[in-house]
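Reading the structure
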Amino acid sequence: MTVVLSILVALGIFFVVGLASRAGLRSLAPAHHKPTYRDMPLTASFGLAVIVFYIAVAILAPVVAPYGEGEVTGAQFLPWGAPNYLGTDKLGRDMLTRLIYGARNTVGIAFVTTALAFMVGSFLGIWAALVGGWLDQWLSRFVDALMAIPALIFSLLLLTIFGTSVLTLVLVIAAVDSTRVYRLARSVAQGIVMMDYIEAARLRGEGAWRLIRREILPNAMAPLVAEFGLRFCFVFLAISALSFLGLGIKPPTADWGSMVRENATLITFGDVTPLLPAGAIALLTVAVNFVVDWQLHRASGLKE
Amino acid sequence: MEKKTLLTIKDLQLEGRSGNAWHPIIKGVDLTLHKGEVLGLIGESGAGKSTLGLAAMGFARDGCRISGGTIDFDGIDLRTAPESLRRGLRGKRIAYVAQSAAASFNPAHRLINQYCESPVVHGVMAREKAEADAVELYGRMRLPNPDEIGFRYPHQVSGGQLQRAMTAMAMACRPDLIIFDEPTTALDVTTQIEVLAAIRDIVRQFGTAAIYITHDLAVVAQMADRIKVLLRGDEVEDADTRSMLTAPREEYTKSLWAVRSFARAEQPTATGTPVVSVRSVTAGYGALDVLKDVSFDIHARRTVAVVGESGSGKSTTARVITGLLPQRNGQVLFNGNPLPPSFKARSRNELRQCQMIYQMADTALNPKLRLRELIGRPAEMYLGLKGKALEARIRDLLALIELEPDRYIDRLPSELSGGQKQRIGIARALAAEPQLIICDEVTSALDQIVQEGILKLLDRLQGELNLAYMFITHDLATVKSIADEVVVMQQGVVVERGPKAAIFADPKEDYTNLLLSSVPEMDPDWLNRLLVKRSAKAQEP
Amino acid sequence: MTEIWRMISQRLLLGVLTLFIISVVIFGATELLPGDLARELLGQSATPETLAALREQLGLNESAPVRYWNWLTGVMQGDFGMSMATKMPISELVGTRLGNTLFLAFYAAALAVPFSLLLGVLAALWRNSIFDRASNALALTAISFPEFFVAYILILWLSQSGLFPSMVRITDTTSMGERLYMAFLPALTLTLVVTAHMMRMTRAAIINLLASPYIEMARLKGMSPMRVVLRHAVPNALSPIINVVALNLAYLITGVVVVEVVFVYPGLGQLMIDAVSNRDIAVVQAIALIFAAAYVLLNLLADVLSTITNPRLMHRK
């Protein structure tokens, strides 16, 4: 009964937020962008609203959070109720406050990691596709071999060797993920490099830098942006999983993955509190996926 | 002779979906077809020919819907009939032959299994009888080894043979009507003749009615009893073949007919140092030689057409001249001086002198750059133009290719028509102020009327700017209208070369003769005459 | 046919080569360590004597290629060395747990593969219908959920009411039926996560196929929708579907780690997490090698199978 009820409530919120966000986008968008938002599915407008909300919370965390990030505010595992609206954790810190700071830490670290993986992976991928020859062969075979080790397993191996700190976490995940970005960027760029306009630019005598900047990148942007969204989801889930396993972001930094781990015992008593940070992770990933799916669908629709 | 009507389409309307909106593709077309009659449907791309052909089977592709009118096939209304009834007709009484047989045969099954599917599923004949029948029809379609060819998979059979096997498959249930959807468009001219002859014979033998869809007027003249011209989903004209060819009524039809009338004025014989001289060039990929000992010259103000079928090495020749594929042997001279084989070793000035225009303007222009940069970049790079001078040059170039500068200078390629895009390709080549322009099938992807505009423009520019053209094409009609000299290639070798008039009037080599004689002409009796002539020649000792 | 055997043996050779490179990467990764492994493990306060003893024990006095060779020949004979933390032979630690993990993976695969293929094919057939849109949105949602979120929801829902256990205790004497019952929640968690991926990929593969001209040709020959799908689409869909399944089974390997931790399931994943926390490098290397080998073998199998089912490759010119 409660399951059915909570699904209905979730659907209700989804529709209200989705419709409101779509209406808002339509009225705010400049005239020439209006058609983009007219046929927008509810999933996408819901996703955009959620992403904006997360960004706002992350930026405004110190302003909106009732307590300090590591501040002990009461007894351990307090139930929901004022002034600790979502109760307290096993050290007596305010759950709501830690959730809000988690937006900053977890999302921020995942974003930096993805950006790093992207810069390295897409630069090498496009370069390999453009230059071709033995450089491309060696780089690609090397990446293939690295990709034959499952990402999480490889990350665990590297974390064992280098130890677990936020810096190694970011570097390790970025390194492992950049192989995936490399693969995509290379195949996208290979499709573009085969085009006659690249041949024309080469025959004109253009240098590699201009070829990448003016001829390849503008045409590779759409798939790369979509891939950025998908990669962010993967990285975000990977970091959360590692934190959940106790190998990622360490306390006292507020982080959603480790919050689930720290408070997991409550689940066995039927308390849903530990699900809140997990739900916060899920909600953001869903939102990003919805928006990416819409963009990919739009890109393929425009091609026809 | 009184003929019975087989198919009557009245006021057919068909719509396609883009996003959430429906837009019309066919806007109220009527069509009548008698038993045993062949109707040619012609029109340019986007005219709705294929869509109309499929509608005659009561079929609309995904994302399309028939929104009005009636389709009456031998007393059955295909629009209102239940799907099961329509399915019973398809393959049995109405069959379809697709443009690309290579893509339309299922790669997972042997040809004969695909042949037998219709007769067995529709209950026309048993499997053994169908197999025997297949062998007989393969023979009638003049396929080699008819006993054996059916047991091959599609990828093991050549394109021309697949197209004939597909026609045989369409005949399997001896249908009343066959829709041929551009069946020879993807084939080389010499292969096309065989397929055309085989299709025409088998349709006549069985008295099958047919709708023959094509954009090629000369082809339809050979195949059809009657021709219907379509333009953007509307009918323009409908008449029997001979009167349509001799006395077209509508302006649009006349303009279609007139396209091939453009012919370049005769030029005096060229003298002096050629702009480009290809000397005994051998080149290839890996161990394979694609070009063997190729030689020819191109002089200023001259157009040399390099003709040949797919795989003849004509595009590879262009890659050697531009330096994309360095030759193994021989030399490419530019104004008498040897060019470094690879473009990477050439100076900026050497690169500037030789420009290229591509077949597909869509892939030849960076879709994310505006015309200003597309055209301006070579001028900026080679001639060092900047600011106002560059802007003025871009405007001059736009005016030169007959596009109004103010309207077009800030557009993206996606905001242009196919012909306009090709003009931008020309302007980009001109911006470098070259001596030689290589035109690689530049008109093949364009509709015939647009082709003529491009050819005239190229002709005018050649006179004004003293250009040499190398014109790569498989279309001999284009050669006739624009070339001064012709180089005929086959399998990497120059078979014959010489002035256009000499080559066309008196080809010395058998292959040149075969190639030239295979180009369909508008005369409806052309195919008959050619076949008679060839069989007579074959009888000779 | 000789052609096909040559292709398959080429693939096998490539697989062996990949495994070799992976073993080098996994072993070589420890060499990336900035300092000395022994000092890293013992910390700054270690006495020179204990350091020397540990170096001796780890064989650090040998050169890297020699140590790699010793390690590799040991692995070939099933000897992965000693665990630093538990002082037990690694092969003993891994033995039964490998079986448990494989059991869980096969269990989840047996649920997920038929279910997701069916859903994917149906969504492709009824594309743009309500069913398609709803299943697509649901699949996207499921993909976005961290495994532990799904696991805890299932625990909250199915374990609180006492239907299934939330912790898995398996011993050698546990019967098959009991194993299936106890491992149901972890298997269901993995199934839910993998199904979403597999369903979406199957749908995309089928839609891609249904757009091909030979499918239109079959419809224009008057074939029924059922026959079009079974006789014309499926034979060509085998190769893409095999690849989709392999890709997702490989994904199961990764998913297993988190799920095992949540349900305290005695498998390799949990062992690996413990080893990572203890920085028991030899154990982590051994398990990473096992997971990577499973991953490579799966892809190899898929490669060979899709070669065999491709008529273009089976019947050369």
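Residues numbered from 1 in each chain as written. Chains lettered and ligands numbered in written order. Predicted model: local features only at pLDDT ≥ 70, side-chain atom pairs only at ≥ 80, totals over all residues. Heavy atoms only, no water.

**Some thoughts on the confidence of the model for chain A**
Keep this limit in mind: As a per-residue quantity, pLDDT reports the predictor's confidence and falls between 0 and 100. Under the DSSP-based scheme used, a helix requires at least four consecutive residues in state H or I and a strand at least two consecutive residues in state E, with every element numbered from the N terminus.
Here chain A averages 86 in pLDDT, while 96% of its residues score no lower than 70. Considering each helix and strand of chain A separately, the mean pLDDT is smallest for helix α2 (residues 34-38) of chain A, with a value of 69, and largest for helix α8 (residues 196-204) of chain A, with 93.

**Details of the interface of chain A and chain C**
Defined as follows: Here, residues are in contact when the closest pair of their heavy atoms is within 4.5 Å. The term buried area refers to how much accessible surface (probe radius 1.4 Å) is lost by two components on association, counted for both of them together. Salt bridges, as used here, are contacts in which a Lys or Arg side-chain nitrogen is within 4 Å of a carboxyl oxygen on Asp or Glu. Polar contacts, as counted here, are pairs of nitrogen or oxygen atoms within 3.5 Å of one another; within protein the pair requires one atom able to donate a hydrogen and one able to accept it, and residues that are adjacent in sequence qualify only if both atoms are side-chain atoms.
Contacts between the two partners involve 41 residues from chain A and, on the opposite side, 48 residues from chain C. Interface of chain A and chain C: buried area, both sides summed, is about 3800 Å²; carbon and sulfur atoms make up 82% of it. Contact with chain C buries area across many residues of chain A, yet Ile-153, Thr-160 and Ile-161 of chain A alone supply 16% of it, more than any other trio. The interface formed by chain A and chain C includes 1 salt bridge. Counting across the chain A and chain C interface gives 6 residue pairs in polar contact (both at pLDDT 80 or more). The biggest single contributor to the side of chain A that touches chain C is helix α11 (residues 275-303) of chain A, with 10 residues.

**Re the interface of chain A and chain B**
Stated formally: Classes in brief: Ala, Val, Leu, Ile, Met, Phe, Trp, Tyr, Cys and Pro nonpolar; Asp, Glu, Lys and Arg charged; the others, Gly included, polar.
Counting residues at the interface gives 16 residues for chain A, matched by 22 residues for chain B. Of the roughly 1800 Å² buried where chain A meets chain B, counting both sides, 53% is carbon and sulfur surface. For the pair chain A and chain B, the interface holds 4 salt bridges. The partner of Glu-373 of chain B in a salt bridge is Arg-214 of chain A, with the nearest N and O atoms 2.7 Å apart. Here chain A and chain B share 10 residue pairs in polar contact (both at pLDDT 80 or more) between them. Broken down by secondary-structure element, the contributors of at least two residues to the side of chain A that touches chain B are α8 and α9 (208-244) of chain A. The element that contributes the greatest number of residues to the side of chain A that touches chain B is α8 of chain A, accounting for 7 residues. A breakdown of the residues in the side of chain A that touches chain B according to their chemical character gives 5 nonpolar, 2 polar and 9 charged.

**Thoughts on unusual backbone geometry**
All names here are of chain B. Positive phi is not limited to glycine here, since Asp-74 has a value of about 50°. Along the chain, Asp-74 falls in the loop between β4 (64-73) and β5 (76-77). A positive phi angle, close to 45°, is found at Ser-280, a residue other than glycine. Assignment of secondary structure puts Ser-280 in strand β11 (residues 276-285).

**Re empty space enclosed by the protein**
Formally: Using a grid of 1 Å spacing that covers the protein atoms alone, one calls a set of points a cavity when a 1.4 Å probe fits there but cannot get out, and a pocket when the set is open and has protein on both sides within 12 Å along at least five of seven lines; lining residues are those with an atom within 4 Å of a point. Grid points are joined across faces, edges and corners, and a volume is the space filled by probe spheres set on the points.
This structure, assessed with the given rule, holds 4 cavities of 30 Å³ or more. Of the voids in this model, the largest cavity is the one considered here, and its volume is about 160 Å³. If you go around the largest cavity, you meet 13 residues; those closest to its centre are Ala-200 and Leu-203 of chain A together with Cys-354, Gln-355 and Met-356 of chain B. Looking at the lining of the largest cavity, the elements with two or more residues in it are α8 of chain A together with α13 (348-353) and β16 (354-357) of chain B. Among the residues making up the lining of the largest cavity, the classes are represented as 7 nonpolar, 2 polar and 4 charged.

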